[in-house]
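Inside the fold
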Amino acid sequence: MQQNEQWSSRIGFILASAGSAIGLGAIWKLPYVTGMSGGGAFILLFVLFSVLIGLPLLLAEFIVGRSTGKEAISAYKQIAPNTKWHWIGYLGVFACFLLLSFYSVIGGWIIQYLYYAVTGVGSSYENGYEELFNQAVSNPYTAIGAQALFLILTVLVISRGVQNGIEKMNKVFMPALFILFVILIVRSLTLENAMEGVSFFLKPDFSSITSESVLYAMGQSFFSLSVGVSVMVTYSSYLSKKESLVQPAVSVVGMNLFISILSGLAIFPAVFSLGFEPAQGPGLLFIVLPSVFNELMFGQVFLLLFLLLFLFATLTSAFSMLEIVVAAITSKNPGKSRGKMAWLMGAAIFIVGIPSALSYSVLSDFMIFGKTIFDGADFLVSNILMPIGAFLISIFVSFKMKKDLLTSEVVQGSKSLHGLFKVWFILIRYVVPLVIIVVFLDVLGVI
């Protein structure tokens, strides 16, 4: 039986799914990883892996959700009753809960920076935005307060449901992302020596590629699409049976790649023009970019626009993380209000995330296996839970689901997709699991 919650249109589903995928991965992480991994050659590998790994996995999650019309846990249980396969859903819910607990900390940093941009606080620091960043993350009160504000914004949207909440916000946020990026790119490309940054970002130099950067490219494509935690199972469960799954999957991957390219075109020309180091690391956005904008005419305006864009992208990803948790809880408690469950789960995530928020202040000396609480939570989700989830999903879909059902879901909307189905099935059954194993073993230091 299909759930009561539904997307009002295919475009609403596509924008919401793309919003889930486009967040810290595309705007914050991709530029700094690219800067540390040689530029253009890394981007080329990232694109290839997004198409050959991310797309098949995304379509697989779409099939599980839409074919059952149920959220993650119930979907796996319906397809494989009286088995343990539904634990894939529990794994996804737990991963999203933990992911949002530290993701909201970064969302809080963005809110703090928005305040700094509006008030011009950054210019008062002697060492610029590096000192400001250290101040922002090391103050326990502002870090926790900003984290709470970010989660409140997320809960307000999720509590309103699919059409009135997630879909309505994404119809505003996603077009705004593109518009703001175009403004930033135009400004960035008009800077002196901007083409050096464009060349670094888009011109492949394979001499700079190592086995480690190849694996980074695999991981980046894999994690940037939100696959492996069954978010897209829950999202696709709200999609009409009449809609095609292939077109939304291709659209989401395409939009994610497009935003990733736009973010690089907005960042690297400015970085090279003003003599900054592209291999800055995680501080590329929070330290270098504000410094870059600070030196431009109307720089504070452009910085404010960029931070608004970054907050939008981060919120759209947060929506999907909280949605899978709330959907799982409400499905088990049909009499409970979605709004109450959203606020309850939001409060629980906030409490769990407090140690991560304090990882750069009062808990900075507390280490788990040599990592701060923030880094430890990030490592657990990104490098352990998500690869395991994606591997299990690829095995479940290709071995446990009936091939006739898979075929009907993939070719829905166009019988000409039978050839594409054969390619997808080979990728999801053989190629995707093998690649995930390689990435996972590398993360664990086995290879």
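From a predicted model like this one, the values you see are computed outputs, not experimental measurements.

What follows covers the overall build of the chain. Tallying secondary structure elements over the chain gives 18 helices and 0 strands in all. When each of the 447 residues of the chain is scored for burial, the buried share is 59%. Accessible surface for the chain amounts to roughly 17,500 Å². Of this, 66% is attributable to carbon and sulfur atoms.

Residues spaced three or four apart along an α-helix face the same direction, because each turn holds 3.6 residues. With 14 residues, helix α10 (residues 211–224) extends 20 Å from end C-alpha to end C-alpha; this agrees with the ideal 20 Å at 1.5 Å per step. Most of α10 is tucked away, with 10 of its 14 residues classed as buried. Once α10 ends, the next one or two residues include S226, with phi positive near 60°.

On to the packing of helix α5 (residues 87–119) against helix α14 (residues 299–332). Across the interface, α5 lies against α14 with an axial gap of 9 Å and an inter-helix angle of 155°. Classified by the interaxial angle, the pair formed by α5 and α14 is roughly antiparallel. Viewed along their axes, α5 and α14 form a crossing whose handedness is left-handed. When the residues that make up the contact of α5 with α14 are grouped by side-chain class, the tally is 26 nonpolar, 5 polar and 1 charged.

It is worth spelling out the packing of aromatic side chains at this point. Counted under the stated rule, the structure contains 20 aromatic pairs. Three or more aromatic residues link up through ring pairs in this structure, and these residues are F102, W109, Y113, Y115, Y116, F133, F286, F310, Y360 and F374. Over the aromatic face of F399 sits the side chain of R429, whose NZ or CZ is 4.1 Å from the ring centroid.

Bringing the side chain of S188 into the picture now. Within the secondary structure layout, S188 lies in helix α8 (residues 162–189). With relative accessibility at 4%, the residue S188 sits in the buried group. Setting aside anything within four residues of it in sequence, one finds S188 in contact with A194, L265, A266, P269 and A270.

The subject of this paragraph is the environment of V431. Among the secondary structure elements, V431 is positioned in helix α18 (residues 418–443). Taking relative accessible area as the criterion, V431 reaches 33% and is therefore assigned partly exposed. It is 9.7 Å that separates the C-alpha atoms of V431 and P56, two residues lying 375 residues apart in sequence.

Bringing the packing of helix α3 (residues 40–68) against helix α12 (residues 246–273) into the picture now. α12 packs onto α3 with a crossing angle of 150° between their chain directions and a minimal axis gap of 9 Å. Of the possible angle classes, the one that applies to α3 and α12 is roughly antiparallel. In the crossing of α3 with α12, the sense of the turn from one axis to the other is right-handed. Residue-level contacts link I43, F46, V47, S50, L55, L58, L59 and F62 of α3 to V246, P248, A249, V250, V252, V253, N256, L257, S260 and I261 of α12.

Another point: unusual backbone geometry. Where the residue is not glycine, phi is negative for most of them; where a peptide bond is considered, it is trans in most cases. Of note in this structure, N82 is not a glycine but carries a positive phi near 60°. Along the chain, N82 falls in the loop between α4 (72–79) and α5. A positive phi angle, near 65°, is found at S230, a position not held by glycine. With respect to the secondary-structure elements, S230 resides in the loop between α10 and α11 (231–236). The buried category is assigned to S230, whose relative accessible area is 1%.

A few words now on the nonpolar core. If you look at the biggest cluster of nonpolar residues, it comprises 149 residues, and the most contacted ones within it are I27, L57, F222, F286, V397 and W424. Element by element, the count of residues in this core is highest for α5, at 20 residues. Sequence-distant contacts of L57, defined by excluding residues within four places in its chain, comprise F222, V227, A390, S394, I428, V432 and I436.

Once that is clear, we can look at the confidence of the model for the chain. Atom-level detail of predicted coordinates should not be read off regions where pLDDT is low. With 88% of its residues at a pLDDT of at least 70, the chain reaches an overall mean of 82. When pLDDT is averaged over each helix and strand of the chain, the minimum, 66, is found for helix α1 (residues 10–21) and the maximum, 92, for α3.

Turning next to a nonpolar patch on the surface. Together, L44, L48, V51, L52 and F206 give the surface a local cluster of nonpolar side chains, amounting to about 440 Å² of exposed area. Structurally, F206 is set in the loop between α9 (194–202) and α10.

Relative to the assigned elements, S273 resides in helix α12. Non-local contacts of S273, meaning those with residues more than four positions away in its chain, are made with L191, E192 and N193.

With that out of the way, let us pick up the environment of S251. The topology assignment puts S251 in helix α12. Assessed through its relative accessible area of 21%, S251 is described here as partly exposed. Spatially, the C-alpha atoms of S251 and L55 are 9.9 Å apart, while their sequence positions differ by 196 residues. Within the structure, S251 has its side chain in polar contact with the backbone oxygen of Q247 (distance 2.8 Å).

Definitions and cut-offs
- Residues numbered from 1 in each chain as written.
- Predicted model: local features only at pLDDT ≥ 70, side-chain atom pairs only at ≥ 80, totals over all residues.
- Heavy atoms only, no water.
- Helix = DSSP H or I, 4+ residues; strand = E, 2+ residues; numbered from the N terminus.
- Buried < 20%, exposed > 50% of the residue type's maximum accessible area, 1.4 Å probe, protein only.
- Areas by Shrake-Rupley, 256 points an atom, 1.4 Å probe, with all protein chains shown as cover.
- Expected span 1.5 Å × (residues − 1).
- Axes fitted to C-alpha atoms, helices over the stretch in contact; angles between N-to-C directions.
- Parallel < 35°, antiparallel > 145°, perpendicular 65-115°, else oblique.
- Left-handed = near helix turned anticlockwise from the far one by under 90°.
- Nonpolar A, V, L, I, M, F, W, Y, C, P; charged D, E, K, R; others polar.
- Phe/Tyr/Trp six-rings, centres within 6.5 Å; stacked < 30°, edge-to-face > 60°.
- Lys NZ or Arg CZ within 6 Å of the ring centre and 35° of its normal.
- Contact = heavy atoms within 4.5 Å.
- Core = buried A, V, L, I, M, F, W, Y, C linked by side-chain atoms within 4.5 Å.
- pLDDT = per-residue confidence, 0-100.
- Patch = residues over 30% accessible without salt bridge, like charges linked within 9 Å, V, L, I, M, F, W, Y side chains within 5 Å.
- Salt bridge = Lys/Arg side-chain N within 4 Å of Asp/Glu carboxyl O.
- Polar contact = N/O pair within 3.5 Å; in protein donor to acceptor, adjacent residues only side chain to side chain.

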